[in-house]
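# Examining the three-dimensional arrangement
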Amino acid sequence: MEETWKKALGKQILIDDSNVPDWLLTEILQRLPLKHIFIINTTSSLSASQPWNLLFRYLYEVRIVPSSMIGTRIALKQSHNFSCPGFSLNFMPSSKHDCPIKILASSNGLLLCSESFYWQKIYYICNPLIQQWIALPKPPRVIKSVAVGFICKDDSYKLVRFPTADDGSYSFYAVQLETFSSKTGEWHCSMVNCPLSDYYIKTDSLVVNYNGSLHWLEFRHGKIITYDPENETDGRLDLMNLPDDKRSEHLCLLGVTRGRFRYFEVTDTCLGPRQVCVWVVTDYDAQQWCLEYRVKFSDSWSGEIDLFVPKDKFYVFPLALHPLDFDIVYLGYGGCLVSYNLTTRKMEVVHRNFYSHQLLPFVLSPWPTTIPPPFW
């Protein structure tokens, strides 16, 4: 493992830029390939030109998927400023197996991966652009289904996990939380308070990082479970309300667009027209939501000749929010991944023969993120 890390680190060149003017650094770095440096972002918010893409988190049936897709996992082949040849997961150890590696989460340009969604024993952290990866020590327990969170900042990272549902092993309103920190190189187990005794999180639910906390959708009570990994002394999971006027029970997800926390759903009733709705948090501490869009999907139109306009009872499901554009969302429809403009109501096919119901918006950090060397 140490040799793998040294090999990746050896590909990098460190220079002392203390005496180089900022304007000159910018001119130099903007001319380097994406694999070696990312678009410069001098503001605190995301730049409109910041490279990003949607990644397939996993693939259902490997035998019918092109081998190139297994490696790259890139859903948007024509994404602006995101070079497909510079991104691959083929360097990962389990990518050569019959079951490709699963992407669990991302943070600050790094990916958290595992070989499965169930009975997770081995976790990998990787930077796919510089092909650097490490394997973490095995967690203290083997659990069938866990909710996983991942945060990377200030040259360190944390991974947290807990059961996706109350298994009755402990008293009401208590959950065993397992945390791995790159600073200690060890797993730490603790009992934390949980505001629900019968919570339920889907196994493959995507965790969302926002405001320094981790967020998971809870489906039994229609809430959001949150956890602040930096506030370990309080030792508790918290609850956050979803919009009062939400309608979907299952076809929904959380996401962040240009630093705004949002909730995205497609109504899952067959009694009337499908509606695509997006809310944004206006006051995080007060848990106040504001409806941004409520669009009847049957009024959509497409420039594609062979893409039918959806009927009221046609199955449509949400896949991702655009990380930079408030008007754009991504949907699964008719075996395709489509982008949908909530303002113009125009729909465009961005990927045909769609094999996955799970996507991860992956935004490159303004500067390359290297993985701290393992010492375990």
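The following refers to the structure shown. Counting starts from 1 at the beginning of each chain's written sequence and moves along it residue by residue. Side-chain atom pairs in this predicted model are given and counted only at pLDDT of 80 or more, local residue features only at pLDDT of at least 70, and totals for whole chains, interfaces and linings cover all residues. Only heavy atoms go into the side-chain values, all of them from the structure, while hydrogens and water stay out.

### Section: empty space enclosed by the protein
Selection rule: Throughout, the protein atoms alone are placed on a 1 Å grid, and a set of points is a cavity if a 1.4 Å probe fits but cannot get out or a pocket if it is open with protein on both sides within 12 Å along at least five of seven lines; lining residues have an atom within 4 Å of a point. Grid points are joined across faces, edges and corners, and a volume is the space filled by probe spheres set on the points. Numbered from the N terminus, helices here are DSSP runs of H or I no shorter than four residues, and strands are runs of E no shorter than two. Here the nonpolar group is Ala, Val, Leu, Ile, Met, Phe, Trp, Tyr, Cys and Pro; Asp, Glu, Lys and Arg are the charged ones; every other residue, Gly included, is treated as polar.
This model, assessed by the stated rule, comprises four cavities of 30 Å³ or more. Each pocket or cavity is described by its volume, and for the largest cavity that value is around 80 Å³. What lines the largest cavity is R57, L104, F117, Q120, V146, A147, V148, I201, K202, T203, S205 and W216. Broken down by element, the lining of the largest cavity gets its largest block of residues, three residues, from strand β6 (residues 146–153). For the lining of the largest cavity, a count of residues per class yields seven nonpolar, three polar and two charged.

### What about the pattern of salt bridges?
Test applied: One speaks of a salt bridge when a side-chain nitrogen belonging to Lys or Arg is within 4 Å of a carboxyl oxygen belonging to Asp or Glu. For every residue, the accessible area obtained with a 1.4 Å probe (protein chains only) is divided by the maximum for its type, and the residue is called buried under 20%, exposed over 50%, and partly exposed between those limits.
This model, assessed by the stated rule, comprises six salt bridges. Its salt-bridge partner being D238, residue R236 comes within 2.6 Å of it at the nearest N-O pair. A residue is classified by how much of its surface remains accessible, and R236, at 38% relative accessible area, is partly exposed. Taken together, the shared-partner salt bridges in this structure form one network comprising R141, R161 and E178.

### What to know about the sheet that holds strand β15 (residues 260–266)
Selection rule: For two strands to be treated as a pair, DSSP must find no fewer than two bridges joining them. Angles shown run from 0 to 180 degrees and are taken between the N-to-C directions of axes, each axis being a line fitted to C-alpha atoms and, for helices, limited to the stretch in contact.
In space, the four strands of this open sheet follow the order β14-β15-β16-β17, with antiparallel pairing throughout. Pairing within the sheet leaves two strands with one partner each, and these edge strands are β14 (252–257) and β17 (288–296). Adjacent strand axes in the sheet meet at a mean angle of 25 degrees, parallel and antiparallel pairs treated alike. Taken together, the eight bridges between strand β16 (residues 275–283) and β17 define a ladder with antiparallel strand orientation. Bridged to V280 within β17 is C290.

### A few points about the sheet that holds strand β12 (residues 223–227)
Pairing between the strands of a sheet is mediated by backbone hydrogen bonds and can be parallel or antiparallel. Overall, antiparallel pairing links the four strands, which are arranged β10-β11-β12-β13 in an open sheet. Each having just a single partner strand, β10 (208–210) and β13 (238–241) make up the two edges of the open sheet. Mean inter-strand twist for the sheet, computed between neighbouring axes without regard to direction, equals 35 degrees. Where β10 and strand β11 (residues 213–218) come together, three bridges link them in antiparallel fashion.

### Observations concerning the pairing of strand β20 (residues 328–333)
Within β20, six of the six residues are buried, leaving the element largely enclosed by the surrounding structure. Bridge analysis of strand β19 (residues 316–321) against β20 gives five bridges, and the strand direction is antiparallel. Bridging from a neighbouring strand, V316 pairs with Y333 of β20. Taking the residues that link successive antiparallel strands as the turn, the β19-β20 hairpin has six residues. Taken together, β20 and the strand that follows it, strand β21 (residues 336–341), pair antiparallel across an intervening segment of two residues, in which G334 is found at a positive phi of about 55 degrees.

### Topic: the side chain of H322
We apply this condition: Throughout, a residue-residue contact means that at least one pair of heavy atoms, one from each residue, lies within 4.5 Å.
Within the secondary structure, H322 sits in the loop between β19 and β20. Residue classification places H322 among the buried residues on the basis of a relative accessible area of 10%. Leave out the neighbours within four places in its chain, and H322 touches W52, V256, T257, I328 and Y330.

### Remarks on the nonpolar core
In summary, soluble globular proteins display a tendency toward joint burial of nonpolar side chains. Our working definition: To define a nonpolar core, start from buried Ala, Val, Leu, Ile, Met, Phe, Trp, Tyr and Cys residues and group those joined through side-chain atoms within 4.5 Å.
Formed by 37 residues in total, the largest nonpolar core has its most connected members in L112, Y123, I125, Y157, F162 and W216. Looking at this core, the element that brings in the most residues is β6, giving six residues. Ranked by size, the runner-up nonpolar core spans 33 residues in total, among them L251, L253, F317 and L324.

### Digging into the pairing of strand β8 (residues 174–181)
Across the eight residues that make up β8, a large majority, eight, are buried. Because side chains alternate across β8, one face comprises the buried residues A174, Q176, E178 and F180, and the other comprises V175, L177, T179 and S181, equally buried. In this sheet, β8 lies alongside strand β7 (residues 156–163) in antiparallel orientation, the contact comprising four bridges. Across the sheet, K158 pairs through a bridge with S181, a residue of β8. With eight bridges joining them, β8 and strand β9 (residues 186–193) adopt antiparallel strand pairing. Across the sheet, Q176 pairs through a bridge with M191, a residue of β9. The hairpin formed by β8 and β9 contains four residues between the paired strands, and G185 there has a positive phi angle of roughly 70 degrees.

### A closer look at the packing of aromatic side chains
Note the cut-off: Between the rings of Phe, Tyr and Trp (Trp by its six-membered ring), a pair exists once the centres lie within 6.5 Å; its type follows the angle of the planes, with under 30 degrees stacked, over 60 edge-to-face, and the other angles tilted. The rule for a charge over a ring is simple: NZ of Lys or CZ of Arg within 6 Å of the ring centre, and within 35 degrees of the ring normal.
Applying the stated rule across the entire model yields 16 aromatic pairs. The ring centre of W187 lies 5.9 Å from the NZ or CZ of R161, which sits over that ring. The positively charged end of K202 is found above the aromatic ring belonging to F219, 4.3 Å away from the centroid.

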